[in-house]
Every structure is written in C-alpha cells, then in structure tokens.
Amino acid sequence: MKWSTNSWQEFPIKQFPEYSDKAKLSETEKELAKRPPLVFAEEVRRLRRRLASVAEGKSFLLQGGDCAESFLEHNANNIRDSFKVFLQMAVVLTFGSSLPVVKIGRFAGQYSKPRSSPVEVIDGIELPSYKGDMINDMAFDKLSREPDPIRLLKAYDKSASTLNLLRAFASGGMADLTKIQEWNLEFVNGTKEAERYEKIAEKISESLSFMNACGITPSNTLQLRETEFYTSHEALLLNYEESLTRKDTITEEKGWFATSAHMLWIGDRTRDLDGAHVEYMKGISNPIGVKCGPTLDPDELIKIIEKLNPLNQPGRLTLIARMGAKNVFKNLKPLVQAVKKNGLVVGWCCDPMHGNTIKASNGFKTRKVDDIMDEVKGFFDVHSELESIPGGVHFEMTGQNVTECVGGIYTVKESNLADRYHTHCDPRLNAKQSLELAFLLAELLVERRKKLNKDLSKVS
Ligand code: PEP
Ligand code: CO
C-alpha cells in the first residue's frame, strides 16, 4: 500500500480552513511534530481488542461528550462532572446488559468542527463560520473568525491536560466501584433517575460486600478499583493529525499510530472515498469510526470499508449511524444488509444526535429527547430484524445542568432553552437526560438479551 503520513495532501480535502499566514502554520506544525504523543500505542491496540469484542456483541460501546470542547470552559470541574455522568451511564448499562461497557469520550481533542455553511450571516454581516476553538473563535467579529495556527498548539495543550486528569480519575480512585454513590451530581439528586440509580448502586454495593467477604476487594482487584477510559475526536484537521502521527518506538511494531487520541473518526461531510480524510485514516493503526448519514449509498459504504479495513480485522472499524429518528429504518437497513452480505466485520454504533437537530421557534438549535430515544429504538429494531449486532451508542452530552435539548422526564421546554444554553456547537443532553437515556438503553439491552436466550433455547 502506498501511504505516508502526508499522502493525504495529494487528495481533495473538504472543510479545511483557509489560513492566511502559511509560514506561521508550517512553523506551528513543525512545533507540534516535536511534542510528545498524547496516547501510547499499546493503549490503542488494547482499544482495538475492546472494539473487536463490541463487534462480536460481547461488549457494549458508550461514546460521548461535548459536540465541541471549548478553551474557555476547559476546567477541572467540567471534566470531572462529564466523567461522573459517563461512569453512571456505564454502570446502568453494565447492570442492564451484563456486558462490559467500553468507554470512549469525545474528550481531549474534540476542538474542530465541520460546518454545513462556510459563512455565517448576522444582521446582514457575513463572516466565516466558527469552526471550533482549534481553528477560530466563536465571537462574531472579523479577527475572531480568522483561522489562527497558534490554536493548534493550544488545542494540544488543553488535550494533554484533560487527558492527564482523565487518567488520574480513571485509575486514581474516582472510578472505584465502592464510590458508586459519590458519582451522583448534585442537581440530579431528588429526581426519578437519581432514585433509579440509587437502587442499582445499592445492589452493586451489596454484591461488593459479599465479594469483599470472599476476599475480592478493590485493593486486590484492579477491575473494582479502576476503569479503562479512552479518548476520541473527529479527525478533521489532517495537518494536526499528521504532526502527531508516530511510529511505536517501544515495541517497534510496524505501522503508524495517530497519537492525538485512541480513536479517531471521519465525519459525515468528509467521508469521500477518494478524499484526503479516507486516505489519511487508511494508513494509521488506530481503531477508526466512520459517520454514516442518510446520503450514504450501500455500495459506497462497502468500498469505504474495504479501503479502510482491507484485511477485515475486527475492532478496526466502527460505523456510527446518524440517520434521524424518522429515517433510521429506511436508511440504516440497506447499509446493515450490505455489510452482512459482504461478510464484513464492523461495530455498529448509533449516534441519535446529528440526524435530529431542529430549530426551535425561538431560533435555538435543539434536539428532542423523544426523537433521540426513537432513533435508538429504531437502531435496535433494524439490528434485531437483520440478526445483526447493535454495538453501542454515541451521544453529545455534558455533566452540566444545561438546557439545550428539549423534553425528558424533567422537561426542558423551548422557553427554557435560553436559561443555560452553553454549547459551542450542537445541543447536548444534560446529566438528567443522559441518565434517562441510559435507563432506556439498559431496557433495550435486557430485552435483546432475553430474546437471544430464548432463540438459543429454541435451537438447543
Ligand atoms: C459531530 O459528531 O459533531 C458531527 C459533526 O457529526 P456528523 O459528522 O455525523 O455530522
Ligand atoms: Co455535533
């Protein structure tokens, strides 16, 4: 295979910013290339094994986080709260499904955004769209919207410090299962979700006391004391990715690794078969994702898969379907059928966010919790009908008490959207809405498990 870390430059590229100062850009890329990798090849290989298990239906994938991380809101409390909701959701899912949950955050690198329009017009003034803090600034003035190469280094630094804290949380005691009650966020307390969560937490604590009596404790059992947590983002800025693409110098195993995150994905707008993004991704050894939107043709998908995973290796490729609640059955089914027919091994993941974005009557971009739930249900239905595996979910969510998505048991109404609308891009689920969805998912997973057991007992 002819590939190098910069071969993508010979292919057409979409969504790449227009930098006016090319010398500064090149200097910044050189500087980035000197920086240490953010992740280590062995972790990346381990995630591939975990995702192979997802593709087989032996684990469930939970991927989520901000639509766009922001420099301004980059602080320990925000990272901690998002991590806590993640842990809570994972516990609910593990409890419901009896499957290990693979946790991948849209954290520590999700700083660049593809946009449907390159320009934004407000009151007759046209400026370049905001494309994420790694590229330009959200403020609506000419200077802020100018792509600035220095932001690449800033994004690297922020990602490094986020990852450092996440590693500390994951292995330094916060993820210890005996602390399960402490993961509750204050503003969720007293709600129905918190009550349901408490019940699960009590059952887990009981089981832990029993195991403790048998000699299995957090101090002698790593799995009770720590968790594995991985990072991911959309690989939009290929110059950033190229600068951080490295060989594994420890095992000296052949191959190149993107070291900006454990997993990278290609967005729905940049997944062209002959485009730069597919070219770059085909050469790295990381597990990769491909967003699959309603315009993706099944034959095209098969060609993309064959290019990205020519050896059909399990764990290499996760397909993240984002069809919209109304079209999930119609659009997803032919893709799943084509993948099955061609004997291709992929993990199927449902992103019920990006096909369900609407404009509220007061102008806010929002999503209805009901639509999100419906798409998840539709995703499970398609896989059930085709006897395929619904491997996981991909959410935009936060640990903060935001009002960005409407609906849920503790209804956020359209009129509440202005209260705490903080997202830098798409509307996210708040912690209550995230937990509510985790319970729905757990129910779907229990149903699926029961159906599989029934089918198995019929066979035997
Ligand atoms: C995203 O995940 O934030 C995104 C832009 O998704 P998509 O490429 O599926 O539109
Ligand atoms: Co988004």
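Note that the coordinates shown come from a computational prediction; the quantities given were computed from them, not determined experimentally.

A. Inspection of the coordination of the cobalt ion (ligand 2) at higher detail. Protein coordination of the cobalt ion (ligand 2) is provided by Cys67 (SG), His354 (NE2), Glu396 (OE) and Asp426 (OD), with donor distances spanning 2.1 to 2.4 Å. The class of cysteine 67 is buried, set by a relative accessible area of 0%.

B. Here's a closer look at the pairing of strand E14 (residues 390–396). Counted residue by residue, E14 has seven buried out of seven residues, so it is predominantly covered. Examined bridge by bridge, strand E1 (residues 60–65) and E14 share five bridges and lie parallel to one another. In the strand pairing of E14, leucine 61 is matched with glycine 392. Of the strand pairs in this sheet, strand E11 (residues 347–350) and E14 are connected by three bridges, and their pairing is parallel. The residue bridging cysteine 350 from the neighbouring strand is valine 393, located in E14.

C. Structural context of the site of ligand 1. Every residue lining ligand 1 is accounted for by Cys67, Arg106, Lys113, Pro114, Trp265, Gly267, Asp268, Arg269, Lys291, Arg322, His354 and Glu396. Between ligand 1 and arginine 106 there is a distance of 2.9 Å, counted from an oxygen atom to a side-chain nitrogen or oxygen. For ligand 1, an oxygen atom lies 2.6 Å from a polar atom in the side chain of arginine 322. Compared with its free state, where it exposes 290 Å², ligand 1 has 98% of that area covered by protein. Placement of ligand 1 is best described as lying within the second largest pocket. Classifying every residue of the shell around ligand 1 by side-chain character gives three nonpolar, two polar and seven charged.

D. Fine view of the layout of surface pockets. One number sums up the size of the largest pocket: a volume of about 1,000 Å³. Around the largest pocket, the lining is made up of 35 residues, and of these Lys103, Gln223, Glu226, Thr227 and Glu228 lie nearest the centre. Secondary structure elements with two or more residues in the lining of the largest pocket: helix H2 (41–55), helix H3 (76–97), strand E2 (101–105), helix H4 (150–171), helix H5 (192–213), helix H6 (222–225) and strand E5 (230–234). Considered class by class, the residues forming the lining of the largest pocket number 20 nonpolar, eight polar and seven charged. Of the volumes computed, that of the second largest pocket is approximately 820 Å³. Taken together, 31 residues line the second largest pocket, and the ones lying closest to its centre are Arg115, Ser116, Lys365, Cys425 and Asp426. Listed by contribution, the elements that provide at least two residues to the lining of the second largest pocket are strand E3 (119–122) and strand E12 (358–359). Across the lining of the second largest pocket, the residue classes tally to eight nonpolar, nine polar and 14 charged.

Thresholds, definitions, all that
Residues numbered from 1 in each chain as written. Chains lettered and ligands numbered in written order. Predicted model: local features only at pLDDT ≥ 70, side-chain atom pairs only at ≥ 80, totals over all residues. Heavy atoms only, no water. Donors = N, O, S within 2.8 Å, 3.2 Å for Na, K, Ca; no water. Buried < 20%, exposed > 50% of the residue type's maximum accessible area, 1.4 Å probe, protein only. Helix = DSSP H or I, 4+ residues; strand = E, 2+ residues; numbered from the N terminus. Pairing = 2+ DSSP bridges. Near = heavy atom within 4 Å. Polar contact = N/O pair within 3.5 Å; in protein donor to acceptor, adjacent residues only side chain to side chain. Areas by Shrake-Rupley, 256 points an atom, 1.4 Å probe, with all protein chains shown as cover. 1 Å grid on protein atoms, 1.4 Å probe; cavity = no way out; pocket = protein on both sides within 12 Å on 5 of 7 lines; lining within 4 Å. Sits in = over half its atoms within 2 Å of the grid points. Nonpolar A, V, L, I, M, F, W, Y, C, P; charged D, E, K, R; others polar. Points joined across faces, edges and corners; volume = space filled by probe spheres on them.

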